[in-house]
Amino acid sequence: MENWKPIPEFAGRYDASTEGRVRSWYLANQFGERRRTHPRPLTGGRTSGYRTVCLIHPEEGKQWYYVHRLVLQTFVGECLEGQEASHTDGNEDNCCLSNLVWEHHKENEERKVGHGTVPRGERNGHAVLTEKQVREIRLLHSDGMSNKDLAEQFSVSPSEVSSIINMRVWTHLPPPPVLIRKSMKRKCTLCAEQVIDIRGRYAQGDVSQSELARQFGVSHVTINRIVHRKLWPDIGV
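Criteria and thresholds
- Residues numbered from 1 in each chain as written.
- Predicted model: local features only at pLDDT ≥ 70, side-chain atom pairs only at ≥ 80, totals over all residues.
- Heavy atoms only, no water.
- Helix = DSSP H or I, 4+ residues; strand = E, 2+ residues; numbered from the N terminus.
- Buried < 20%, exposed > 50% of the residue type's maximum accessible area, 1.4 Å probe, protein only.
- Contact = heavy atoms within 4.5 Å.
- Areas by Shrake-Rupley, 256 points an atom, 1.4 Å probe, with all protein chains shown as cover.
- Phe/Tyr/Trp six-rings, centres within 6.5 Å; stacked < 30°, edge-to-face > 60°.
- Axes fitted to C-alpha atoms, helices over the stretch in contact; angles between N-to-C directions.
- Parallel < 35°, antiparallel > 145°, perpendicular 65-115°, else oblique.
- Nonpolar A, V, L, I, M, F, W, Y, C, P; charged D, E, K, R; others polar.
- Pairing = 2+ DSSP bridges.
- pLDDT = per-residue confidence, 0-100.

## Regarding the overall build of the chain
Logical step 1: Counting its secondary structure elements, the chain contains eight helices and nine strands.
Logical step 2: Going through the 237 residues of the chain one by one, you find that 34% of them count as buried.
Logical step 3: Counting only contacts in the chain whose residues sit at least 6 apart along the sequence, the fraction spanning at least 24 positions is 44%.
Logical step 4: For the chain, the accessible surface area stands at approximately 14600 Å², while carbon and sulfur atoms represent 50% of it.

This is how it looks when you write it as structure tokens:
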């Protein structure tokens, strides 16, 4: 059942409901201010994806307010220092009282991660790499490829490569598995036909560099250099 209560500090001009709605008793025109006989539901707008309504405060005048904060202030009380409003189901449209809590920023951010609403990785508008590329950078580095070569291949700065490798960014992606190598100076014993086969299969997109490295018994760096023609560039031309 939907319950209504006056929003604090608005002198009875507006009500908020447990269903996340706001209504107005306030009417102002050329004849002055008066209370409506029947309240008017407010539709409002959006700010940064959150529902908002425009209210006239008795002292501060006309301002836009977040609906979810108005509901919490009305039915729970004022926000304590260091806390913020949180939608427990991750849906910014759902401003029902049962879906709202005051909590600390860290708790709110952890909740967002659980909902998948944090713009991490490829969903971040500033990302220049894909998750697949980040995994490949870490894997190639773990197999001996230098930061400089990685930066050149993936068209990013060496500092960005360093941040990726040291888990300062893209932290939601797990680090690559530890590679156990018999020798750092192992010799590559591929023939021309195998090099051509590697390039052809990789170009078709049927197999990853990691799988090719496993199948041909060479390092990921070797496969990477073959497909980018930094190793045996004349074969297959």
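## A closer look at the packing of aromatic side chains
Working definition: an aromatic ring pair is given by the centre-to-centre distance plus the angle between the planes.
Logical step 1: Taken as a whole, this structure holds three aromatic pairs when the rule is applied.
Logical step 2: Taking the centre distance of 5.6 Å and the plane angle of 85° together, the rings of F10 and Y14 count as edge-to-face.
Logical step 3: For Y14, a relative accessible area of 3% puts it in the buried group.
Logical step 4: When the centroid spacing of 5.4 Å and the interplanar angle of 80° are considered together, the rings of F10 and Y65 count as edge-to-face.

## Structural notes on the packing of helix α6 (residues 192-204) against helix α8 (residues 220-227)
Logical step 1: Where α6 meets α8, the axes come as close as 9 Å, and the angle between the chain directions of the two elements is 80°. It follows that α6 is roughly perpendicular to α8 by the angle criterion. The segment α6 lies against α8, with V195, I198, R199 and Y202 engaging I223, I226 and V227.
Logical step 2: Among the residues forming the contact of α6 with α8, the class breakdown is six nonpolar, no polar and one charged.

## What about the sheet that holds strand β4 (residues 32-41)?
Logical step 1: If you trace the four strands from one edge of the open sheet to the other, you get β1-β2-β3-β4, paired in antiparallel fashion. Each edge of the open sheet carries a strand with a single partner, namely β1 (4-6) and β4. On average, adjacent strands in this sheet sit at an angle of 25° to one another, irrespective of strand direction.
Logical step 2: Looking at chain direction, β1 and strand β2 (residues 14-17) are connected through three bridges and run antiparallel. By the bridge assignment, P6 is partnered in β2 with D15.

## A few points about the confidence of the model for the chain
Logical step 1: Considering every residue of the chain, the mean pLDDT works out to 84; 88% of them sit at 70 or more.
Logical step 2: Counting interchain partners and residues more than four positions distant, the pLDDT-below-50 stretch residues 179-186 has ten contacts.

## A few points about the pairing of strand β6 (residues 50-57)
Logical step 1: Here three bridges tie strand β5 (residues 45-47) to β6, and the two strands are oriented antiparallel to one another. Within β6, the residue paired with R46 across the bridge is R51.
Logical step 2: Following β5, the chain reverses through two residues before pairing antiparallel with β6; S48 in that reversal takes a positive phi of roughly 55°.
Logical step 3: Two strands pair when backbone bridges link them, and β6 and strand β7 (residues 61-66) are joined in this way by six bridges, in the antiparallel orientation.

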